[in-house]
Amino acid sequence: RMRRCMIDEAALGGQRTVLWSLSAIDWGPFGSVRRIAARLNRVQAGDIVLMHDGRPAVNRPSALLAALPGLLDTLAQRRLQAALLPVPLE
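Residues numbered from 1 in each chain as written. Predicted model: local features only at pLDDT ≥ 70, side-chain atom pairs only at ≥ 80, totals over all residues. Heavy atoms only, no water.

A.B. asks: An account of the packing of aromatic side chains is needed here, citing residue identities and associated values.
C.D. replies: Taken as a whole, this structure holds 1 aromatic pair when the rule is applied. Look at Trp 27 and Phe 30: their rings are 5.5 Å apart centre to centre, the planes differ by 80°, and that puts the pair in the edge-to-face class. Overall, Phe 30 belongs to the partly exposed group, its relative accessible area being 37%. (Phe/Tyr/Trp six-rings, centres within 6.5 Å; stacked < 30°, edge-to-face > 60°. Buried < 20%, exposed > 50% of the residue type's maximum accessible area, 1.4 Å probe, protein only.)

Written as structure tokens, this is what we have:
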């Protein structure tokens with residue numbers, strides 16, 4: 001759920017807020033390569049996938065990076081492709 005203050009703060013910076021439909025859950029004890037890959041294999045056309053790129057204190061960027069080639073292969077097999085969100089969002 002998005003709070004109004006988040007929307008307002010983003011607007012002040014000329015940005016918009018976007019929520020995700022699928023999380024890689026690439027942090028903490030859930031952030032193993034196997035678990036991340038299993039979650040990413042659920043991606044469907046139109047999903048917005050939340051992935052963290054923060055410091056590896058809690059986040060698991062190395063596990064996420066190890067899982068990404070499998071995700072990209074899976075997308076290609078399904079004739080899907082990863083894309084950036086359009087800016088500005090329409």
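Now that the structure is up, let's keep going.
A.B. asks: Please give an account of the pattern of salt bridges that cites residues and values.
C.D. replies: Where charged atoms from two side chains of opposite charge approach closely, those side chains can pair. Per the stated rule, a full pass over the model turns up 1 salt bridge. Among the salt bridges present, the one from Asp 8 reaches Arg 4, with a minimum N-O distance of 3.0 Å. Here Arg 4 and Asp 8 lie together in helix H1 (residues 4-12), a separation of 4 residues that amounts to about one turn. Classification of Asp 8 as partly exposed rests on a relative accessible area of 36%. (Salt bridge = Lys/Arg side-chain N within 4 Å of Asp/Glu carboxyl O. Helix = DSSP H or I, 4+ residues; strand = E, 2+ residues; numbered from the N terminus.)

A.B. asks: Residues and numbers for helix H3 (residues 61-77), please.
C.D. replies: With 17 residues, H3 should cover 24 Å at 1.5 Å per step; its first-to-last C-alpha distance of 25 Å lies within 8% of that length. Where H3 bends most, the angle comes to about 30°, and this point is Leu 68, followed within four residues by the proline Pro 69. Considered for burial, the residues of H3 that qualify are Pro 61, Ala 63, Leu 64, Ala 67, Leu 71, Thr 74 and Leu 75. Buried residues belonging to H3 abut helix H2 (33-40). Once H3 ends, the next one or two residues include Arg 79, with phi positive near 60°. (Expected span 1.5 Å × (residues − 1). Bend = angle between axes of the 7 residues up to and from the residue. Contact = heavy atoms within 4.5 Å.)

A.B. asks: How would you sum up the nonpolar core? Please name residues and give values.
C.D. replies: Residues Leu 22, Ala 24, Ile 36, Leu 40, Val 43, Ala 63, Leu 64, Ala 67, Leu 71 and Leu 75 constitute the largest nonpolar core, which totals 10 residues. Looking at this core, the elements with two or more residues in it are H2 and H3. Residue contributions to this core peak at 5 residues, all from H3. (Core = buried A, V, L, I, M, F, W, Y, C linked by side-chain atoms within 4.5 Å.)

A.B. asks: How would you summarise the side chain of Asp 26 if you had to cite specific residues and measurements?
C.D. replies: By the element assignment, Asp 26 lies in the loop between strand E1 (22-23) and H2. Salt bridges are absent for the buried Asp 26, whose nearest opposite-charge side chain, Arg 39, sits at 7.4 Å. If near-sequence neighbours (up to four positions away) are discounted, Asp 26 is found in contact with Gly 31, Ile 36, Met 51, His 52, Asn 59, Arg 60 and Leu 64. (Lys, Arg positive; Asp, Glu negative; His and termini not counted.)

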